[in-house]
Amino acid sequence: MKKSIYLILIIPVLFIMGMSSNNNTNETPKALLEEKDSFSKRGKSDLVEQLYSEAMEENDKLSKLNDDINKMRSIKQDSLSSYNHFTQTNINYWSSAKRHINRLQDAELKQSTLQNFQLLETNYKTDLSEYAQKLKTISTKTNSLDDQLTLMKLYVTEAMMKNYQKNEKPNIKSLENIIKKYDQLIEETKKYTQATQ
């Protein structure tokens, strides 16, 4: 079961990685080519989102897929609005009915009416159990799609970061030169750190 869920989640990601590699020119992403003094400012922002935005600008298929994912939120909201209105109307009715039942003066009449209306409400809820299952499925699918979007952003931007890491890696010679300079200065200080005889 876990294997099949993993495959369902990873296949679209591999597809997107393939799409992103089509436009992959092995260039350093523009978002990472800012001035060096703006590094600290950039460090506070969401670099994954910056890189993902750049990837969408360069890949129409990725951009369209991202738009389609974002549209699902409004599609879901529109699709559920009539159901939400229907259930809220029923909730209001049962609440109002109970207030009216509580106004009955005759205790036996009040009790029997309350039992009747509780049964009617239970039947109504049973009748909607199929809807509850569909809503649960929609909620699960919403979470799965959100996870897929996050995975997509991570894997698309990871490929971009590989380009940055490959293209912009600093020359190790500068570090070696610093070490040499330290060694030289340490040696020069030694003649001034001897006790006089």
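Anything mentioned here points back to the structure above.
Reading the values: the criteria
- Residues numbered from 1 in each chain as written.
- Predicted model: local features only at pLDDT ≥ 70, side-chain atom pairs only at ≥ 80, totals over all residues.
- Heavy atoms only, no water.
- Helix = DSSP H or I, 4+ residues; strand = E, 2+ residues; numbered from the N terminus.
- Buried < 20%, exposed > 50% of the residue type's maximum accessible area, 1.4 Å probe, protein only.
- Lys, Arg positive; Asp, Glu negative; His and termini not counted.
- Salt bridge = Lys/Arg side-chain N within 4 Å of Asp/Glu carboxyl O.
- Polar contact = N/O pair within 3.5 Å; in protein donor to acceptor, adjacent residues only side chain to side chain.
- Contact = heavy atoms within 4.5 Å.
- Phe/Tyr/Trp six-rings, centres within 6.5 Å; stacked < 30°, edge-to-face > 60°.

## Overview of the side chain of Glu54
Within the element layout of this structure, Glu54 appears in helix α3 (residues 47-58). Although Glu54 is buried, it makes no salt bridge; Lys30 carries the closest opposite charge, 5.3 Å away. A polar atom in the side chain of Glu54 sits 2.7 Å from the backbone nitrogen of Ala31. Setting aside residues no more than four positions away along its own chain, Glu54 makes contact with Pro29, Lys30, Ala31 and Met160.

## Remarks on the pattern of salt bridges
Counted under the stated rule, the structure contains nine salt bridges. Between Lys30 and Glu58 there is a salt bridge, with its nearest N and O atoms 3.8 Å apart. With a gap of 28 residues between them, Lys30 in the loop between α1 (2-22) and α2 (39-43) and Glu58 in helix α3 connect regions that are remote in the sequence. Residue Lys173 is joined to Glu176 by a salt bridge in which the shortest nitrogen-to-oxygen separation is 3.6 Å. Of this pair, Lys173 and Glu176 both sit in helix α7 (residues 172-190), three residues apart, roughly one helical turn. On the basis of relative accessible area, Lys173 is assigned to the partly exposed category, the value being 49%. Through salt bridges with shared partners, one network takes in Lys98, Glu121 and Lys125.

## Observations concerning the packing of aromatic side chains
Counted under the stated rule, the structure contains five aromatic pairs. Ring centres of Phe86 and Tyr124 lie 6.3 Å apart, and the angle between their planes is 50°; on these two criteria the pair is classed as tilted. Pair noted here: Phe86 is in helix α4 (residues 60-101) and Tyr124 is in helix α5 (residues 107-127), with a separation of 38 residues, a long-range link. Take Phe86: its relative accessible area is 42%, and that puts it in the partly exposed class. In textbook terms, an aromatic cluster arises when at least three aromatic residues are bridged by ring pairs, as seen for Phe86, Tyr93, Trp94, Phe117 and Tyr124.

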